[in-house]
Amino acid sequence: MNSVAEEHALIEAFADALWMERGLSRNTLAAYQTDLRKLAEWLSEHRQCGLIQAQRSDLLSYLATLARQGRKPRSSARLLSCLRQFYQYALRENWMEWDPSANIDAPKLGRPLPGALTEQEVEDLLEAPDLAEAEGFRDRAMLEVLYATGLRVSELITLRPEQVSLTQGVVRVIGKGGKERLVPLGDEAQSWLERFTRGMRHDLLGERVCAQLFPTRRGAGMTRQAFWYRIKKHAAGAGITKHISPHTLRHAFATHLLNHGADLRVVQLLLGHSDLSTCLLYTSPSPRDKF
């Protein structure tokens, strides 16, 4: 790893080259240098490496950290542009053999996010269903599983009993492209699911058989539209006025994990994303509860 002085010398050389080649303003060059110095400090502290030794995953983790701290997508896009120019310069100067920023997608500006719920709002939503009704108990179990696992709604409503191991506390998910992943349930979701499968599920089905884990009163599997209607109903009952989509609890699952220090790669695996950069969508800041 380079020393601080060596890192600063690399950054200065890069800035001088940009000024000579492109005639950028001193203000722009100063902003680039500040961004690179901050990245160098973060890499040294959190990854024990320098700018030249950084990997793609390091840059993604840094961008995620900035996003959690409130950095806007447009600002992150400018930072990524700076990084790309720096690493292209480093390649030309033979400081390194490959560009760790090459395959990182710029943040999508203006992309709407699902309604960002606080942890308290999630608790209110989970407690909204009427547990005296079989449908309400089913909905509570579904919401608990959704928030505990970060499943897509399509993965949740097509879940089959044989995909769940209550003894091991995991669910085997068939995701996009037929890819399988094992996701831990957590004690709370496991408890609700166990109580549902041993009681209220039989009340919903009677003598009928349903391949899906979460049936309707008619004995069929639930549709995405039906579950979306149920979510909206429970959100209204909980007094939640934010815009909510079927993706809301998946977003909350990922955001709250990251807010509590989970590694970006772990969240990627749990969500079933093929690309780590996709997880940056979930690093938008959401209000944290005060305890």
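These numbers come from a predicted model, not from an experiment. (Residues numbered from 1 in each chain as written. Predicted model: local features only at pLDDT ≥ 70, side-chain atom pairs only at ≥ 80, totals over all residues. Heavy atoms only, no water.)

With that settled, the discussion passes to the overall build of the protein chain. Counting secondary structure elements, the protein chain contains eleven helices and three strands. Taken from the N to the C terminus, the helices and strands of the protein chain come in the order α-α-α-α-α-α-α-β-β-β-α-α-α-α. A separation of at least 24 residues holds for 60% of the contacts in the protein chain among residues at least 6 apart in sequence. Accessible surface computed for the protein chain: about 14800 Å², of which carbon and sulfur atoms make up 50%. (Helix = DSSP H or I, 4+ residues; strand = E, 2+ residues; numbered from the N terminus. Contact = heavy atoms within 4.5 Å. Areas by Shrake-Rupley, 256 points an atom, 1.4 Å probe, with all protein chains shown as cover.)

This part takes up the side chain of His234. Residue position: His234 is located in helix α9 (residues 224-237). In this structure His234 comes out as buried when scored by relative accessible area, which is 6%. Each residue touching His234, except ones within four places of it in the same chain, is listed here: Leu125, Ala128, Pro129, Asp139 and Leu143. (Buried < 20%, exposed > 50% of the residue type's maximum accessible area, 1.4 Å probe, protein only.)

By the burial criterion, the buried members of helix α5 (residues 119-126) are Glu119, Glu121, Val122, Leu125 and Leu126. Seen along its axis, α5 keeps its buried residues to an arc of 160 degrees; they face one direction. (Arc of directions from axis to C-beta.)

Turning next to a negative patch on the surface. Taken together, the side chains of Glu123, Glu127, Asp187 and Glu188 present a region of like negative charge at the surface. With respect to the helices, strands and loops of the structure, Glu188 is situated in helix α8 (residues 187-205). Using a relative accessible area of 48% as the deciding quantity, one classes Glu188 as partly exposed. (Patch = residues over 30% accessible without salt bridge, like charges linked within 9 Å, V, L, I, M, F, W, Y side chains within 5 Å. Salt bridge = Lys/Arg side-chain N within 4 Å of Asp/Glu carboxyl O. Lys, Arg positive; Asp, Glu negative; His and termini not counted. Charge placed at Lys NZ, Arg CZ, Asp CG, Glu CD.)

Quick look at the packing of helix α6 (residues 134-149) against α9 now. Here α6 crosses α9 at 95 degrees, and the two axes come no closer than 11 Å. Here α6 lies roughly perpendicular to α9, going by the angle between them. Packed against α6, whose contacting residues are Glu135, Gly136, Arg138, Asp139, Met142, Leu143 and Leu146, the element α9 presents Phe227, Arg230, Ile231 and His234 at the interface. Per-class residue counts for the contact of α6 with α9 are five nonpolar, two polar and four charged. (Axes fitted to C-alpha atoms, helices over the stretch in contact; angles between N-to-C directions. Parallel < 35°, antiparallel > 145°, perpendicular 65-115°, else oblique. Nonpolar A, V, L, I, M, F, W, Y, C, P; charged D, E, K, R; others polar.)

Before going further, it helps to spend a moment on the nonpolar core. Val145, Leu156, Phe214 and Phe227 are the most contacted members of the largest nonpolar core, which totals 40 residues. Looking at this core, the elements that each hand over two or more residues are α5, α6, α7 (153-157), β2 (170-174), α8, α9 and α10 (248-259). Top element by residues in this core is α6. It accounts for eight residues. Filtering out sequence-adjacent residues up to four positions away, Phe227 remains in contact with Met142, Leu143, Leu146, Val153, Leu156, Ile157 and Met222. Counting residues in each nonpolar core, the second largest holds 31 residues, with Ala40, Ala54, Ala90 and Met96 among its members. (Core = buried A, V, L, I, M, F, W, Y, C linked by side-chain atoms within 4.5 Å.)

Moving on: the side chain of Asp58. Its location among the elements puts Asp58 in helix α3 (residues 56-68). A polar contact of 2.9 Å, which involves the side chain of Asp58, links it to the backbone nitrogen of Gln55. Leave out the neighbours within four places in its chain, and Asp58 touches Trp42, Leu43, Arg47 and Cys49. (Polar contact = N/O pair within 3.5 Å; in protein donor to acceptor, adjacent residues only side chain to side chain.)

Let us now look at unusual backbone geometry. Not every positive phi belongs to a glycine, and Gln48 is a case in point at roughly 50 degrees. The topology assignment puts Gln48 in the loop between α2 (26-46) and α3. On the basis of relative accessible area, Gln48 is assigned to the exposed category, the value being 55%. In this structure, Asn94 is a non-glycine residue whose phi angle is positive, near 65 degrees. Here Asn94 is to be found in the loop between α4 (73-92) and α5. Taking relative accessible area as the criterion, Asn94 reaches 66% and is therefore assigned exposed.

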